[in-house]
Structure formats: C-alpha cells, structure tokens
Amino acid sequence: RQQAGGGQQVALGEQRHEQQAEHQDDRRPGEQAARADRRHALFVLLAHASRRRLLVTLPALVLGSLARTVGLLLLRRLREARDEAAALGGVLRRPGRLRRARRRRRQLATAPASHVRPVLASRVARLRGRAESFGGWLAGGGTPARGPAAGLREPGGGSDDELEPVAPGLARSLLARPPVVLVLGLLLVALLAERDLLPSAGLLAGGRLLPPPSGAADLWDAYTASWSAVGVGTDAPSPPRVAVLAGLSTVLLGKPWLAVDLLLLGSVPLAGLTAYLAARRVVTSAALGVWAAATWALLPAATGAIAAGRLDAAFAQVVLPLLLPALAATARTDPRGRWHRVPAAGLLLALTTALAPTLWLVAAPLLVLVGLAGLAGASRAQRPAAARRATASVVVAALPVLLLVPWPREVLRSPGLLLHGPGALPPDPSLLEPDLAAWRLLLLDPGGAATPLPLVTAGLLLAALAGLVRSDRRRPALAGWGLALTGLTLAVVLARTAVPLAVGGVDVPVWPGLALQVAAAGLLLAALVAGDGARRALSRRDFGWRQVTASLTAAAAVLVPIAAGALWVVRAADDPLGRGVDDVVPAFVAAELEGEPGVRALVLDARADGTVGYELWTAGGVRLGTADLPLADDQAGALDDVVADLLSARGSRAAEALATRAVRYVVLPADALETEPGSAVAAALDRQPGVVRRAEDPALLWQLQPPTAHLAVLAPELAEQAVTGAPGPDEDAVETTPPVALPSGPRAATARVPDGEPGRLLVLAEAVDDGWRATLDGRRLVPVAAWGWAQGFELPAGGGRLELRHEDGTRTRALTLQGAALALTAVLAVPAGRRRSGLEPADVTEPAVRS
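None of the values given here were measured: they were computed from a predicted structure. Along each chain, the written sequence defines residue order, and numbers are assigned to residues from 1. Only residues with pLDDT of at least 70 get local features here, since the model is predicted, and only at 80 or more are side-chain atom pairs given and counted; chain-wide, interface and lining totals rely on the full set of residues. In computing side-chain values, all of the structure's heavy atoms are included and hydrogens and water are not.

Engineer: What am I meant to see in the overall build of the chain here?
Structural biologist: Only DSSP runs of H or I reaching four residues or more are called helices, and only runs of E reaching two or more are called strands; each is numbered from the N terminus. Secondary structure assignment for the chain yields 34 helices and 20 strands. The rule is simple: take the accessible area with a 1.4 Å probe, protein chains only, and divide by the maximum for that residue type; under 20% is buried, over 50% is exposed, in between is partly exposed. The 851 residues of the chain split such that 47% are buried. Note on contacts: a residue pair qualifies if any of its non-hydrogen atoms lie within 4.5 Å across the two residues. Considering only intrachain contacts with a sequence separation of at least 6, the fraction spanning at least 24 residues in the chain is 76%.

Here it is, written out as structure tokens:
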C-alpha cells in the first residue's frame, strides 16, 4: 500500500454519510463502528488500486473475506462473522459508488505509485519481519521482533541517544533460543544416523514399513473403497491410519513418500520440539527442558522405531508429549467453563489411536479409573466438580471408539490390528526379541533393531528415583511413577504375549516399544521434578552425601542423550529399513499385471523355521495402506489349503484352484535356493502338474497352465462344475469349451457379452459378497457362488451390455457419519471467541492509500 495525496477525500467522502447514519440508528455503536471500519478499509483499498492491481486485489479480498467469515463461524464468533460478511456485501453491492470514487481518485491523485514505492518497506523486508515474529513466537515469546524501520524515531520524539538498538538478524535471534538450538542439534544427529536413508532414488521400505503408493489419491481410494483387492478381496474397512496418511500426503502436495519420510526420518527433531514444549509446562529451567527433550527424542524405542520402519511408534514419539498433558488436564481440572478441552483431548486421542492403537489400551482405562476414583473419594461439596471431571474422562476415553467406527468392530475380530500396529510383520529376527528380560524392559529397552546398550538409560532411571525424595513436589513425582509402572506392566505383558497376525494368522510376540514410551514419559516427569530447583534446595544444607549423590545422578542423567545419540550415529539407522524397493517379480510379469487389472501372482516366502508364507499380488504389488486387511476366515482357510496342496510332494489340482483365483504366476525369491526350505519349495513346484518354470532371474518364476482371468464367461459344462463347488475346472472341459475372458477393473467392469447357450455362468475372481451387482442390458443377474468361494452370476442365452460393480452405499454412509462426527468434534474443540467491544469509529481524517 502506498500513500498518494488527493484521492483520500473521495473515498472518505463516499463513506462519511453512511457511517454517520449507521452510528445514529444503531443501538450498538461499538459493533456498528467495527463493521463500518472494515467496510471502509475494503472500499479504500479497492478505490485506490490501479487497474492492473485491481484484477488481483478484488478476487483476493473476496476470497480472504469469505475465508475469514468461515473461520469466525468455526470459532463461534457469530457477530464478527456477520460484520465481516456485511462489510464485504456493503462494498460489492455498490459498484457505482466504487466507480465514481476511482474516477475522482484518478483526477485528484498527485503522486503516482512509482514515486511512493521507494520510501516504503520492500516485500523482502516485510517477509523478514514476519519471519522474525514467527521465530520469536516459536521460541516462546520474548522481545517482539522489530521491523526494518525499528531504528527510525518519530519526528520530535526525542534525541538520537534515546533510540533503542536495532534487533539482531533472524539467524542470530533464532540461534539464541534454546528450542531452536535443540531442534537443530537433533536434526544434525538424525542426519548423521540416517545418512544412508536420506532422500534419493527409491522409496523407504523394509522391516514393518511397506512401500507407499504413488499418490495421495491412491490412499484416499483405499480408505473410501467398499471393496479392497487384498488376497481374493474383502469388504473389511481400511484402518483409519490410512486416512491420516492420506491427509498428511495431501498437505504435502499429494506425495505419500514425503509423508512417510517426514514421520520416520523427521521424528527425532519433531519429538524433541514437542517434548520441550511439554517440559516447560513442568519446569521453568530451559536447560532441564532441553535435557528432557533430547533424552525423549533419542530413547531406544524412538531409534528402534526408525530402523524397523514402525510408523506407529515414530508418530507416538512425536505426539505423546502433547497428548499426555491434555489427558492429565482432563482428569485433574474441573471442565466447567472450559468444556472445549474435552473434545480437543478426545480428538487428539482419536488421532493417536488411528496410527498407534496400542496407546488407547493405556489411556482409556487410566482416564476412566482416575475419573471414577476422584468421584468416589470426593466429599459432598466436591462431588459436582468430581462428577464433571469423571464425565469428561469417560467422554475422552470413548470418543476414539465413536470417531473411528466401524474400525473397532474389525479390532474385535482381529486383535492383532490393535497390538501389532500397521504393516505386514515378516519373520525377521531383528524386529523382535522373544522372552525379553524384565530388567531390560525396566531400562526402556524394547529389543530389536537400532537399540543402544540397555545401560545407556540407567541415568534416567536414577534421576526418576531421585524425584521420589523431593518432599515438596512428591505428588507430580508419584504421578510420573504411576504412569511409568503402568507402562512397564503393559510392556511385560505384551512382551510375553503372542497374538495372531491379521493376515496369515501366525502367532507373533508383540513389540513392547509403545508401552515403554508411556513408561519413559512417566520417568521423565519424575526426573524433571527431581531436577527442578534441586540446586537451590541443596544449597540450604551442609555439604555431604546428598550433594555427592545429586552430582553423580545429574552426571549420569546428562550422559543419557549424549551416549544414546553417539551410539545411534555409529550404528546408523538403515537396517532393516532401506531406501529402494527390490524387484520381487520380473519386469514382464509386473507389466502384465498392470495391463490386466485383477490378475494375480502368488509370491512365496520360504522361512528359516520351515514354514512358508505367501501373498497374492495384483498390479503394483503390496503397498502401504491395505496390506494388513484381514480376509474372512473361510476364504483365508481355503486359500491356505490350496497353497499347502501346491507345495506338497504329491500331485494335486492346486494349479486349477489357483487359476480360478486369477493367479497366473508363482514367484519365489532367487536367494531362497541358498536355504534348505527354499530348495524344497522349488523342487515341489517343479513336480506339480499344471505348473511350468519360466525364469530364474531376478526370481524363480513358474506359470500356471490353466487359463486365468479376473472376469470370465463359463460354458454350461464348466458352469455346472463351478456351481457344484468343484475346486477347479476339469482339464478336458477346459480344452473343449475354454472360458471367455472379459475386460474388467478391480471393482467394476463394463463389457459386451456375446450370445451363447442357456446355462452359462459369469464368474468374477473375487470373494462372494452381497455388495456385488451385475446387470445385462439393464436386467439384474442372479448371484450365485462359484468354485465354492467366488462371486458368480447366472447368464441368459442372449448377450448384451454387462455392467458390474460393487455397491458402496454402506461404506459411503459410514464415511459420511464419520466425517460429520469429526467436523462436529473439531468445532466443539475450538474455544469460543470473545467479542471485542468498545471499538471506536475509524478516523476518517487519516490519509488514503492506493496500491
């Protein structure tokens, strides 16, 4: 905006009569003055804009005012939202007045914009001022940042000796702030430890992490779809973490790989920042806050989560310092007058449960128990406040279950979804250590990849024990130890519990890292209590064993983040996590699967313990978001039997049974021949009828001889076999009347069905489900079961246009209700804004501006 003489009188004159009339008639002059002041500002800005500038200014003002109105409505500041909308409408509905003002401005203007621009602050200087202000806010306040003209004094405002010195530059100002130095230091440590994982060619994958899809649209499609192409298909809803990753990927310009990199590789500095903010709510010392944040960010569970590709634990490391204070405030303080904190805490707990569901097992019972215990122990006078706290605790504990429906129903069917977290868990010994000793759990060592020596965290345990001797602050120390013992107890139980996986049904021990993160938060709280004011308390006593013990404990505590960071850098964080995805199937097989949606490849995994795992791959392979959806028990059991027959030493009809499931290739990694189980699997496949070896590089590849198709029309003879529940087609019948393949997509198909004989059958190589619908020239086809498991439809003798799809009505309604519940909770979580009063009318004598 630039000053220009003369034109100010036009805009002010056009507005003066309107303001005076409104101030005389309105019973609330303060509110009307605010509305008139806003309308006046918009009118002046449009009246003094050049023609070229007006093309940008007018749309920007309209969009900005609309966005501000929506924001005020979300904040429940209804009067201010009304004033904003009224101000914009007051300007736009008088275009004639605006044209007259612009015409007079051109007649009276004495200084063009090019003459005024050099005396104003440049765009770079304004951006620098905003950046300095943001840096000051990020660092926790302090002296307000000064703009580029901060050293100029007002005319007549005093001598030059009274001028305040200009603030230092942005870099120097930020480096003087402890949180900024902390984050930069942790970022340097993370870059050194993750040196082999920095962004380059290839995607992050390995351990518990599956390769992310190509775009955010793929994640949204996986979450909203009513049918997922996992195995032979399932209608199980995708877990809510898919929606969280999709939302984060959308914010990051639609790049899921960037969201995964941020959550994993950036978890250490982000966890340090959130831990510092939480620590400063407990202690006033910045040094203690920096120590606690560095210790939290470099715990064994944090570094182990990165190396093992555990998105849930990495996310929990970042969000726990924000979640625990919110839950504590819910259970400790009376929510009367601050009920917005209840949905805010519930929404944060729901977000955490979506990515790290194990934490809900700790948070929900603790909240309910604390609330009910407070209600039971309250006196008659305290009972209303205790009842409100108990109600708030129950609501916060129950909100994740309500907001994440229908996923909790799937958790009841497959508890492995709740305890194992996201991702398919391969039998990698580096990920889990069975029968982990209790003393290692006490030292916060979850076992597995990239965890330092257990004794590294001994200093934290000593500092937490020292918090119990602080008689002046024993209550927060006991609260910290209560949280720590809860987490440690759950960690011991989980480490000795084997829960079947959602996919495969193999019993696998649960990784106790998430429970140890809760325990570490409690120990850090007790340690902060021990260090807060310890020097002042010890100075009042004579020198003796207390000072010596405190010094040794402090030294051991300071060594925790230093030793943990150094060991992490030396060990690095690239095993089993790595950059780049190896080609599991040959390139021509991948291209064929991409060109024929629905056709599958059976990928085998010969394990060292003699068992064989398998996965059904479609186009793109197994990707993050849908790999751990559970199949129906009958479908999973039938597929297990078919694979077992395929790998048996005797001949079987497994090839025909796999062909009905649209499986065209069988793949075994080439390095499996180096092990005895892999060699046995390859020998069994070579002896199976209907299976022919095709290639040995980059993997061992077999092709099934029976014809395969995702959607096919069966002749009456084959249709009779399919309806009677035969495992696969008869070889002679296939040679006589082979199936006719039709083009199809993963969840829908549109094709032309030729004329044929009565008794034909349309078979889709997807599991039977009530949601499948098929029509032929608008006439609905009768659904039947084919081959004992697949979705089929009876075809008439005549042909026509086929329309096949999976109805998503139930899923759409569930997502609509879920979105409405999330929106309502988010609106209720925003504190109601207070209307500013006492606003005076705008000073109509100030100079006008034009841009």
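Engineer: Explain the pattern of salt bridges here, please?
Structural biologist: Close approach of charged atoms allows side chains with opposite charge to pair. We define a salt bridge as a side-chain nitrogen of Lys or Arg found within 4 Å of a carboxyl oxygen belonging to Asp or Glu. Overall, the coordinates contain 16 salt bridges when judged by the stated rule. Notably, a salt bridge pairs R68 with E84, separated by 3.0 Å at the nearest N-O pair. In this pair, R68 is assigned in helix α3 (residues 51–74) and E84 in helix α4 (residues 78–92), connecting sequence segments 16 residues apart. A relative accessible area of 40% places R68 in the partly exposed class. Given a relative accessible area of 4%, E84 falls into the buried group. By sharing partners, the salt bridges in this structure join E592, E596 and R664 into a single network.

Engineer: How should I be thinking about the nonpolar core in this particular structure?
Structural biologist: If you look at soluble globular proteins, the nonpolar side chains tend to sit buried side by side. Only buried residues count toward a nonpolar core. Its members are Ala, Val, Leu, Ile, Met, Phe, Trp, Tyr and Cys residues joined through side-chain atoms within 4.5 Å. Residues W296 and L460 are the most contacted members of the largest nonpolar core, which totals 118 residues. Among the elements that make up this core, the one with the highest residue count is helix α25 (residues 513–531) (twelve residues). L460 has contacts with W291, T295, L299, L444, L523, L524, A527 and V560, leaving out every residue within four places of it along the chain. Residues L639, A655, L742 and L804 belong to the second largest nonpolar core, which totals 57 residues.

Engineer: It is not clear to me how the environment of A287 should be interpreted in this structure. Could you clarify?
Structural biologist: Structurally, A287 is set in helix α14 (residues 286–297). Residues A287 and P178, spaced 109 residues apart in sequence, show a C-alpha to C-alpha distance of 8.0 Å.

Engineer: Would you explain the sheet that holds strand β11 (residues 711–714) in this entry?
Structural biologist: One key point about sheets: their strands pair by backbone hydrogen bonds, in either a parallel or an antiparallel sense. Two strands pair under a simple rule: DSSP has to find at least two bridges between them. In space, the five strands of this open sheet follow the order β12-β11-β14-β18-β17, with antiparallel pairing throughout. Two strands close off the open sheet at either side, each with one partner strand: β12 (740–741) and β17 (783–786). Of the strands in this sheet, β11, β14 (760–767) and β17 are in contact with helix α32 (residues 716–723), which crosses β14 at around 45 degrees. Between the N-to-C directions of two axes lies an angle of 0 to 180 degrees, each axis being a line fitted to C-alpha atoms and, for a helix, fitted only over the stretch in contact.

Engineer: How do you make sense of a nonpolar patch on the surface when you look at a structure like this?
Structural biologist: Together, L175, V181, L184, L187, L191 and L198 make up a nonpolar patch on the protein surface, roughly 470 Å² of accessible area in all. Broken down by element, the nonpolar patch gets its largest block of residues, four residues, from helix α9 (residues 178–193). Checked against the element boundaries, L187 lands in helix α9. To count toward a patch, a residue needs a relative accessible area above 30% and no salt bridge. Like charges then connect within 9 Å, nonpolar side chains (Val, Leu, Ile, Met, Phe, Trp, Tyr) within 5 Å. Throughout, the Shrake-Rupley method with a 1.4 Å probe supplies accessible areas, and for residues the shown protein chains are the sole cover considered.

Engineer: When you look at helix α19 (residues 383–403) in this model, what are you seeing that I'm missing?
Structural biologist: Residue pairs spaced three or four apart in an α-helix point in one direction, given the helix's 3.6 residues per turn. To estimate how far a helix should reach, multiply one less than its number of residues by 1.5 Å. Relative to the 30 Å expected for 21 residues at 1.5 Å per residue, α19 spans 30 Å between its end C-alpha atoms, a close match to the ideal helical length. Within α19, burial applies to A385, A386, A390, A392, S393, V396, A397, L399, P400 and L403. If you follow the buried residues of α19, they end up packed against α16 (311–332), α17 (341–355), α18 (360–376) and α34 (809–829).

Engineer: How should I be thinking about a positive patch on the surface in this particular structure?
Structural biologist: All tallies of charge rest on Lys and Arg as positive and Asp and Glu as negative; His and the ends of each chain are not included. By convention, charge coordinates are those of NZ in Lys, CZ in Arg, CG in Asp, or CD in Glu. Where like charges cluster on the molecular surface, the positive patch consists of R51, R99, R100, R103 and R106. Counting residues per element, the positive patch draws most heavily on helix α5 (residues 95–108), at four residues. By the secondary structure assignment, R51 is in helix α3. The exposure class of R51 is exposed, given its relative accessible area of 64%.

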